[in-house]
Amino acid sequence: MKPAPFEYHRPSSLADALELLADLPDAEPLAGNQSLSILMSNRLASPDHLVDINDLDELSYVEADNGSVAVGALVRHREIERSGTLAQALPVFPEAAGKIAGPVVRNRGTLGGSLGEGDPAGNYPCVAAALEADLELASAGGSRTVSADEFFIATMFTDREEDELITGITVPRDPFPPARTGQTFLAVKEAAQTWPTLSVAGAVRVDDPEDEEPVLEDARVALANAAEVPLRVPGAEGEIEGEPLSEAGLAAAGETAYEAVNPEEELHADETYKRELAREYTKRALTTAHDRAVA
Amino acid sequence: MSVDDTGRSERPTQEITVTVNGESVTAEVEPRLKLSDFLRSHLELRTVRVGCEQGVCGACTVEFDGTVAKSCMLYAVQADGREVTTVEALSEDGNLHPIQEAFHEEHALQCGFCTSGFLMATRDLLAENPDPEREEIEGALADNICRCTGYQNIYDAVETAADKLEGE
């Protein structure tokens, strides 16, 4: 359980970090180290260089204006869990953050690390897919923006180039006016330390929360650990959009999710069980999001 | 306090200076040396338990840079210029800290291997939430595994510790 030897670098600015990532062969960024260290301890990863980005305060921000919410890559799970700004603007983020491991892990783990790991069971990848987040990537050569949809390619395989660093994400606020929107993140999980068997991020916007039968203008569902990428299920969303929430609509959304997933079988969860979880938790997430939108 | 690591390794090392339990320590370490191994083996702080070495068990939990962290998921080089606190710093003049007293009184340990991690996590919880609900206690200790007690006595001990600290 000891990692292979590596050289350690601790740059104090983003520019210096990007130079190091550009110049050093086989270098990995080191942030919260709550996943990378496990890979390295088990010798599943043995980078020659670690570029410690923990001193890059410029990547530690949570900002919301009228148009979008921006969160820096170095923001810790614990900070996201407790962010008043996010609780108000995009409450699914704090809820998802609070369901990552326990508080000791959340003290260190970062948004960028979780996204960069590209684990389809991860909480933030699922939320990013549901909310159509954009990821900001920087390298010594410049920066670019990639949608969550394009970023996650396969299990632990993303669009990030080796010399690039995730610097943050932005989420458009337009689809999620707090007064008419409900969001939730649900996880089926045995213990804090284990991966979820399945998780789901859900969001619902209604036309008028005061109305007796408010119409669902926009619905979002994404599932984690249900395919080799965080899986948005537009078909399920379409089943309930454009009308008031109904049992029939929820049932159809659940069935769509059951068919859409492509889950890996696990020791305590065979494929059928995970499909059934996808069906049930899609319904639960949409119901909870709806109830919060009209509350 | 200083540590002589001469001959420990022929691989490249880096010099670090860390404040451990209030004392400045300078040492030459390999970058891949985990903070947990640095504390336990190099500095002989035996309350730092090396269990799973991959962030699951919580036995190596210490205070790092103002928050609790699993020291097997930090490299000692990362602690350069920073502060680390271990259970050794809890007791004063041979007297148990109120949290340690509470764990003793409530039989919150059997083999004791996990106890240091629970003490540090409890200390962190009570520092910011002096009167936690049972559910909050369970959440705060979710990163720590105990294979003996079944946790109930540990949760009781945290409640007792909260009462003791409140009475101080």
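Residues numbered from 1 in each chain as written. Chains lettered and ligands numbered in written order. Predicted model: local features only at pLDDT ≥ 70, side-chain atom pairs only at ≥ 80, totals over all residues.

S.K.: For this particular structure, what's the right way to read the overall build of chain A?
M.R.: Helix and strand content of chain A: 12 helices and 14 strands. Rg of the C-alpha trace for chain A: 19 Å, near the compact-globule value of 19 Å for 295 residues, within the 12% margin. With respect to the principal axes defined by its C-alpha atoms, chain A has extents near 60 × 45 × 30 Å. Residues classed as buried in chain A amount to 53% of the 295 residues present. Considering only residue pairs separated by 6 or more positions, chain A has 65% of its internal contacts joining residues 24 or more positions apart. (Helix = DSSP H or I, 4+ residues; strand = E, 2+ residues; numbered from the N terminus. Rg over C-alpha atoms; globule rule 2.2 N^0.38 Å. Buried ≥ 20, exposed ≤ 12 C-beta atoms within 10 Å, placed from the backbone. Contact = placed C-beta atoms within 7 Å.)

S.K.: What is the right way to read the overall build of chain B from this model?
M.R.: Within chain B one finds 5 helices and 5 strands. In sequence order, the secondary structure elements of chain B are arranged as β-β-α-β-β-β-α-α-α-α. Whereas a compact globule of 168 residues would reach a radius of gyration of roughly 15 Å, chain B reaches 16 Å, a difference of no more than 12%. Dimensions of chain B, computed from the C-alpha atoms along their principal axes, are close to 50 × 30 × 25 Å. In chain B, which comprises 168 residues, the proportion classed as buried is 47%. Long-range pairs, those at least 24 residues apart, make up 58% of the contacts in chain B between residues at least 6 apart in sequence.

S.K.: Where do I start with helix H5 (residues 152–166) of chain B in this structure?
M.R.: Side chains of residues three or four places apart in an α-helix project in the same direction, reflecting 3.6 residues per turn. With 15 residues, H5 of chain B extends 21 Å from end C-alpha to end C-alpha; this agrees with the ideal 21 Å at 1.5 Å per step. Turning to H5 of chain B, its buried residues are Ile154, Tyr155, Ala157, Val158, Thr160, Ala161 and Ala162 of chain B. (Expected span 1.5 Å × (residues − 1).)

S.K.: I keep staring at the environment of Trp195 of chain A and nothing clicks. Help me out?
M.R.: All names here are of chain A. Assignment of secondary structure puts Trp195 in the loop between strand E11 (181–188) and strand E12 (198–206). Put simply, Trp195 and Gly122 are 73 residues apart on the chain and 8.2 Å apart in space, counted from C-alpha to C-alpha. For Trp195, the contacting residues outside a window of four places in its chain are Ala121 and Asn225.

S.K.: It is not clear to me how helix H1 (residues 35–42) of chain B should be interpreted in this structure. Could you clarify?
M.R.: Residues and elements named next belong to chain B. Taken together, the buried positions of H1 are Leu35, Ser36, Asp37, Phe38 and Leu39. Summarising the contacts, the buried residues of H1 are in contact with strand E2 (23–29), strand E3 (61–64) and strand E5 (83–85). One or two steps after H1, the chain reaches Glu44, where phi turns positive at roughly 60 degrees.

S.K.: How should the packing of helix H2 (residues 98–105) of chain B against helix H3 (residues 115–128) of chain B be read in this particular structure?
M.R.: When two helices pack together, you describe them by how their axes are tilted relative to each other and by the distance separating the axes. All names here are of chain B. It is the contact of H2 with H3, at a shortest axis distance of 10 Å, that shows an interaxial angle of 125 degrees. The orientation of H2 with respect to H3, classified from their angle, is oblique. The two elements H2 and H3 cross, and the hand of that crossing is right-handed. Judged by residue contacts, Ile99, Gln100 and Phe103 of H2 engage Thr115, Leu119, Thr122 and Arg123 from H3. Considering only residue class, the contact of H2 with H3 consists of 3 nonpolar, 3 polar and 1 charged. (Axes fitted to C-alpha atoms, helices over the stretch in contact; angles between N-to-C directions. Parallel < 35°, antiparallel > 145°, perpendicular 65-115°, else oblique. Left-handed = near helix turned anticlockwise from the far one by under 90°. Nonpolar A, V, L, I, M, F, W, Y, C, P; charged D, E, K, R; others polar.)

S.K.: I'm lost on the sheet that holds strand E2 (residues 27–30) of chain A in this one. Help?
M.R.: Across a sheet, paired strands are connected by hydrogen bonds in the backbone, their directions being either parallel or antiparallel. Residues and elements named next belong to chain A. The 3 strands are arranged E1-E3-E2 in an open sheet whose pairing can be described as parallel. A strand with exactly one partner marks an edge of an open sheet, and here the two such strands are strand E1 (7–9) and E2. On average, each strand axis in the sheet is tilted by 25 degrees relative to the strand beside it, whichever way the strands run. (Pairing = 2+ DSSP bridges.)

S.K.: What should I look at first to understand the domain arrangement of chain A in this one?
M.R.: A common way to state how big an interface is: give the accessible area lost once the parts meet. Residues and elements named next belong to chain A. Here chain A is partitioned into domain 1 (7–52), domain 2 (57–172) and domain 3 (178–294). Measuring from the centre of the C-alpha atoms in domain 2 to the corresponding centre in domain 3 gives 20 Å. Listed per partner, the contact involves 24 residues of domain 2 and 23 residues of domain 3. Among the elements that make up the side of domain 2 that touches domain 3, the one with the highest residue count is helix H8 (residues 123–131) (7 residues). Class assignment for the residues of the side of domain 2 that touches domain 3 results in 17 nonpolar, 5 polar and 2 charged. (Domains from an automatic or database assignment.)

S.K.: How do you make sense of the confidence of the model for chain B when you look at a structure like this?
M.R.: Note that predicted coordinates carrying low pLDDT should not be read in detail. On average, residues of chain B score 94 in pLDDT, and 94% of them reach the 70 mark or higher. Across the predicted assembly, pTM comes out at 0.95 and ipTM at 0.93. (pLDDT = per-residue confidence, 0-100.)

S.K.: Would you mind going over the sheet that holds E3 of chain B with me for this structure?
M.R.: All names here are of chain B. An order of E2-E1-E5-E3-E4 is seen for the 5 strands of this open sheet, with the pairing classed as mixed. Here the strands that pair on one side only, and so sit at the sheet edges, are E2 and strand E4 (67–70). Each adjacent strand pair in this sheet contributes to an overall mean axis angle of 40 degrees, direction not counted. Pairing of strand E1 (residues 14–20) with E5, which is carried by 2 bridges, proceeds in the parallel orientation. For Thr19, the partnering residue across the bridge sits in E5 and is Glu83. Here H3 sits on the sheet and contacts E3 and E4; the angle it forms with E3, its principal contact strand, is near 40 degrees.

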